[in-house]
Amino acid sequence: MAAIFGMSSSSIRAVIGTTARTIRALDNARRFQKHNVAFVSSATSPSTLSIREHKDAQRVKYLHQLTSFSLDTSRRQFHSSTQLLMAKRKKNGGKTKKTEKPPSKRSIKLSKLDQLENADDDDNCDDNGFGDDTIDFGDGEEQTSTVATPFATQYHSPVMFKECIDALLQQGVFGEMMEEKFERWRKKKSIAEAKLKKAGLLDDDEEEASNSAGTSEHIRRPRLFVDGTLGGGGHSQALLEQLNPEDILIGCDQDSEAISTASTRLSKYLGTSEYIVEKNGELTCGWEEGRPMFIPVQSNFRNLVEVLSTIRHPSSGKLLLGKRLKSQDGASEEELEFPNGVNGMLLDLGVSSHQIDTGERGFAFMKDGPLDMRMDSNSTTAAVSSLTAADICNEFDEATLISILRTYGDEPRARRIASAIIESRPLHTTTDLVHAINSVTPTFARQKRAGLIATSARVFQALRIVVNEEDGALIEVLERVAPWALSRSGGHHSNLGKNSSDGDDGILAVLSYHSMEDKMAKRVIRDGSVDLVGRRGKGGSLFERDLFGNIIQHDNDEEGSHVPFEPLGKPQKATDEEVAINSRARSATLRVGIRI
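Residues take numbers from 1 onward in each chain, read along the sequence in its written order. Thresholds applied to this predicted model are a pLDDT of at least 70 for local features of residues and 80 or more for the giving and counting of side-chain atom pairs; totals over whole chains, interfaces and linings are not thresholded and use all residues. Side-chain measures here rest on the full set of heavy atoms in the structure, leaving out hydrogens and waters.

A.B. asks: Can you lay out the nonpolar core for me, pointing to particular residues and giving the numbers?
C.D. replies: In this text, buried Ala, Val, Leu, Ile, Met, Phe, Trp, Tyr and Cys residues form a nonpolar core when linked through side-chain atoms within 4.5 Å. Using a 1.4 Å probe on the protein chains alone, a residue whose accessible area is under 20% of its type maximum counts as buried, one over 50% counts as exposed, and one in between counts as partly exposed. Core analysis: the largest hydrophobic core is formed by 74 residues, its most contacted members being I250, L308, M345, L347, L433, L478 and L508. In terms of residue count, helix 17 (residues 452–468) provides more of this core than any other element does, 9 residues in total. The residues touching L347, leaving out its near neighbours within four places in the chain, are G228, T229, F301, V477, L478, L508, A509, V510 and L511. Within the second largest apolar cluster, 40 residues are counted, among which are I259, L283, L511 and I596. Elements are defined by DSSP. Helices are runs of H or I of four residues or more, strands are runs of E of two residues or more, and each kind is numbered from the N terminus. Here, two residues are considered to be in contact whenever any of their heavy atoms come within 4.5 Å of each other.

And the structure:
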């Protein structure tokens, strides 16, 4: 009661007592009227009636002058919003609103897969030797159906191929972003040139060349692209189908099997097989006039500076890039086919689906095989790396194993897993390593990241990165190879007094699958180096900046001492439709930068 009326219990008792006395007074008044007894007026003396009856008569007279008081809560008036809420509860059976549980991501994914299977039963992945189940790898190592997506084969399924091609060719969304960036650069360039002209530091010839930059038409020149991670050739095929005649694509991979498979797939574009060290069978060069050319190269992308400087055009015999050194008069030492540099470079990091599916390579923990994990294990040359995953598990001490698992796998159980590996020595197969991990890891856990599958994926990822030195190779290709090979944009506002048509716009597209690779790509594109440390990570101690954060250039600075790239848009993620078909795209992140 106290909660209903907002009163204390003592106040309620007082009201009830007063109400009871009032009711008795009314009964006495009716009794007096029934026996024709004159009602006592206000002038009646207290002596004729008892004092209690006199007070009751005065109370009755006062109450007749007031509005009637009722304790009937059924007539209580509520606020309009409260009445609407009560009506909804009455309509929905006591609930404020009808709530339906939204479908989970797994149910949505399964429903999409069912629709795809029902739409085309002939292309079922079971007919190609692949199962319907996918294995959840943290770094993109997954078994997935590769036949449902375009440019996909049983060897490999390209991830985010449309976004990558649009970035390299500067079309679609990336083309719009390039136009906006060029407009901002033009405004900054005009302001800087106006200040230099006012100070007398800009010659008339330079001003005339700069003014002609906006009016001169872009000259159509042959373009050069580099696919640093050829793999199954999915991205390369998608790019070659949109290139113009006389354009050239160089595909690089250190795996001889991947080079052979991609060259056979792209045989109608193949211009030469001279730069393939190990040929698995005869390759047919089917390139003809009017088609773009494909040149495969067997090498690690960290060595592309030495490799690209020696490649010659199969038809003209000219060097494609050379050493990219210019003499003092500005002319190159030898006539080059592409003096400005590479127009676009694609790096699709991680491991291909074919390498995961091959148990003899040792990459997959779901298949029994030797603990190898070398990318170039099929090679018979002397350049094959000697370190294997079995050597790490059997020879490295516990402190080193803990550091490897924490640094390259972000493993929370690094100490216990390292101890279990040492106790289970010697380890020779992937099954031995999984059993050692399972001894300190539950097979199933409430948290997905704590189960055996996710833990094994992180451990195998860390070992693979150390065996192939992927971190060092990625740093070298991002900091040394890409800035050396890519063409500097002529429209950047730092190129004062130059025509924007003198240089092409070199695009770097990096497709990563876990945080370490993505962090390296982000730092290089934004800051120019992986190891930059400073305020917000921009500039650090390698570059001197002004009050507004702009890098200060000096006359004696060497070429490349400034930040080599500028980010082009925000990181891109795969669409839900692509993830439903190819689960490897779930963790993929695309970062794009332009060479400046």
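A.B. asks: Quick one: what's the story with the pattern of salt bridges, residue by residue and with numbers?
C.D. replies: Just to be clear on terms, a salt bridge is a Lys or Arg side-chain nitrogen sitting within 4 Å of an Asp or Glu carboxyl oxygen. Applying the stated criterion across every chain, the model contains 16 salt bridges. Among the salt bridges present, the one from D372 reaches R374, with a minimum N-O distance of 2.6 Å. Of the residues examined, R374 reaches a relative accessible area of 17% and is grouped as buried. Measuring nitrogen to oxygen at the nearest pair gives 3.0 Å for the salt bridge that ties E476 to R480. Of this pair, E476 and R480 both sit in helix 18 (residues 470–485), 4 residues apart, roughly one helical turn. Relative accessible area serves as the criterion here: at 25%, E476 is assigned to the partly exposed category. One network of salt bridges, in which partners are shared, links R302, E306, E469, E476 and R480.

A.B. asks: Please provide a residue-by-residue account of helix 7 (residues 173–199), values included.
C.D. replies: Its 27 residues place the ends of helix 7 40 Å apart at the C-alpha level, agreeing with the 39 Å of an ideal helix rising 1.5 Å per residue. Along helix 7, the residues classified as buried are F174, G175, M177, M178, K181, W185, K189 and E193. Positive phi appears at G200, one or two residues downstream of helix 7, with a value of about 80°. To estimate the expected span of a helix, subtract one from its residue number and multiply by 1.5 Å.

A.B. asks: Break down unusual backbone geometry for me, with residues and values.
C.D. replies: Cis geometry marks the peptide bond from R425 to P426, where omega comes out at 0°. Tracing the backbone through its elements, the reader meets P426 in the loop between helix 15 (414–423) and helix 16 (430–438). Of note in this structure, E469 is not a glycine but carries a positive phi near 50°. Relative to the assigned elements, E469 resides in the loop between helix 17 and helix 18. Taking the relative accessible area as the measure of exposure, E469 reaches 46% and is therefore partly exposed.

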